[in-house]
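A look at the structure
Chain by chain, the residues:
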Amino acid sequence: MAELKIKLNDYLNKLKVLPKCNKEDLYKWADYVELKCLANKDNFYSSNDFIDDARPRTEDLGEGDFEDTEKDKIEGTSRAQKNDKWETLAKETFKIIAFRQSVFGVYYPFTISANNLSIELEDTLTTKNKIYLFLLFSSSLQYTIKFKKEFTSSFEIFSKQVLEKYLPNNASIKVFGSSNTEEEDDDIVTDSKFWDKLKFLEEFLNEKLIIEEDDISKYNKGDGGLDIVAKVSMGDSNSHFPIIFGQCACSPNEWIVKQSTIKADIWRQKITLKTIPQYYIFIPQSYRDMSGHWFDKTKIHETIIIDRQRLVMGYKNEKKFKEYSSYSIIEELINIKEEVI
């Protein structure tokens, strides 16, 4: 119990720090506002609260992406002009939140004011609300890092269960990730060594390994960057059937690079692939602008992206959700509040 309290206090302390992102990353700032509202004693957070919290930490500690540019220094940007930047950021961020309320509907645990200048946590949170908060916490490891194992493991299972809804009933889906700690019967490849995982993959995909066990360190207990693998049966035992390679990435930045780890040219150095896999990247972020378009299409590299919105719309197993190792932690994070100073 004492250890849990330490972890929860660490979460609250970290919330005093601005997100590590650029000022243009409005979807990340929106996550931060939602977390601050959730942690607020009154379950309320406004645009003015955001400005009051953020401005001094930037000016005094250099956090955020609001340091003086060379142009500002040359032209002598005034404090009033800098304040305008914060007000603009707050206004744009709350537009993102207004969009989320309209899109996520019954899953969204906050209500935005009519003037789009404040949000408030719902009085009673449903399981659907907690599903949204689970994805919010999973995408905010800067703040929930002490619970990383639970959230990343649960997120892999969550992603697998969403993929089940997008694939036909005769699809077989396995969690291939090396660090998963959830209990999910036969759906997790439990082999500890990477070589044993590769042998499973060889049989599962009806392919052939092109490397030997000696080619891999005996200490390698990884997954090669593959978190989820799936196949769709064509009704016979032959090869050349649809396969899916998936990566689950909670980090708001690492998912861009991790897309490369599931590509065929990487895996063909280890195993034959007679068909090219479909590539899926699962991210708990709401990777959208205020119009619902992708925040930056150039970051998506020939990959089917399943972000927060697609995850929520594809998830239909609330009973399983309550069995996740992270579920009790979600409850704790909902209930803990920042002290009023």
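Each value, and the rule that gives it
Residues numbered from 1 in each chain as written. Predicted model: local features only at pLDDT ≥ 70, side-chain atom pairs only at ≥ 80, totals over all residues. Heavy atoms only, no water. Patch = residues over 30% accessible without salt bridge, like charges linked within 9 Å, V, L, I, M, F, W, Y side chains within 5 Å. Areas by Shrake-Rupley, 256 points an atom, 1.4 Å probe, with all protein chains shown as cover. Salt bridge = Lys/Arg side-chain N within 4 Å of Asp/Glu carboxyl O. Lys, Arg positive; Asp, Glu negative; His and termini not counted. Charge placed at Lys NZ, Arg CZ, Asp CG, Glu CD. Buried < 20%, exposed > 50% of the residue type's maximum accessible area, 1.4 Å probe, protein only. Helix = DSSP H or I, 4+ residues; strand = E, 2+ residues; numbered from the N terminus. Pairing = 2+ DSSP bridges. Axes fitted to C-alpha atoms, helices over the stretch in contact; angles between N-to-C directions. Contact = heavy atoms within 4.5 Å. Core = buried A, V, L, I, M, F, W, Y, C linked by side-chain atoms within 4.5 Å.

A cluster of acidic side chains, namely Asp196, Glu212, Glu213, Asp214 and Asp215, defines a negative patch on the protein surface. Glu212 sits in the exposed class, given a relative accessible area of 55%.

Inspection of the secondary structure puts Ala114 in the loop between strand 2 (110-112) and strand 3 (118-121). The exposure class of Ala114 is exposed, given its relative accessible area of 89%. A sequence separation of 16 residues divides Ala114 from Ala98, and the C-alpha atoms of the two residues are 9.5 Å apart.

One pass over the structure, following the stated rule, counts 19 salt bridges. A salt bridge links Glu24 to Lys23, with the nearest nitrogen and oxygen atoms 4.0 Å apart. Classification of Lys23 as partly exposed rests on a relative accessible area of 31%. Note that Glu338 and Lys36 form a salt bridge whose closest N and O atoms lie 3.2 Å from each other. Of this pair, Glu338 sits in the segment after helix 14 (327-335) while Lys36 sits in helix 2 (residues 26-39), and the two are 302 residues apart along the sequence. A single burial state applies to Glu338 and to Lys36, both of which are buried. Salt bridges here are not isolated pairs; linked through shared partners, they connect Asp31, Glu34, Arg100 and Arg308.

Moving on to the sheet that holds strand 3. Taken together, the three strands give an open sheet; going across it, the order is 1-3-2, and neighbouring strands pair in antiparallel fashion. Of all the strands in the sheet, just strand 1 (44-46) and strand 2 have a single pairing partner and so form its edges. Each adjacent strand pair in this sheet contributes to an overall mean axis angle of 20°, direction not counted. Across three bridges, strand 2 lies against strand 3 in antiparallel orientation. Its bridge partner being in strand 3, Thr111 is matched across the sheet by Glu120. Helix 2 contacts strand 1, strand 2 and strand 3 of the sheet and is inclined by roughly 50° relative to strand 3.

One non-glycine residue with positive phi stands out, namely Asn116, at about 60°. Its location among the elements puts Asn116 in the loop between strand 2 and strand 3. With a relative accessible area of 30%, Asn116 lands in the partly exposed category. Of note in this structure, His240 is not a glycine but carries a positive phi near 65°. Assignment of secondary structure puts His240 in the loop between strand 5 (228-232) and strand 6 (243-248).

Looking now at the environment of Asn13. Tracing the backbone through its elements, the reader meets Asn13 in helix 1 (residues 2-14). Separated by 130 residues in sequence, Asn13 and Tyr143 have C-alpha atoms that sit 8.4 Å apart.

Here we take up the nonpolar core. Tyr11 and Phe50 are the most contacted members of the largest nonpolar core, which totals 73 residues. Ranked by residue count, the leading element in this core is helix 2, at nine residues. Setting aside residues up to four positions removed in sequence, Phe50 forms contacts with Trp29, Tyr32, Val33, Tyr45, Trp86, Leu89 and Ala90. Ranked by size, the runner-up nonpolar core spans 22 residues in total, among them Val189, Trp195, Leu205 and Phe245.

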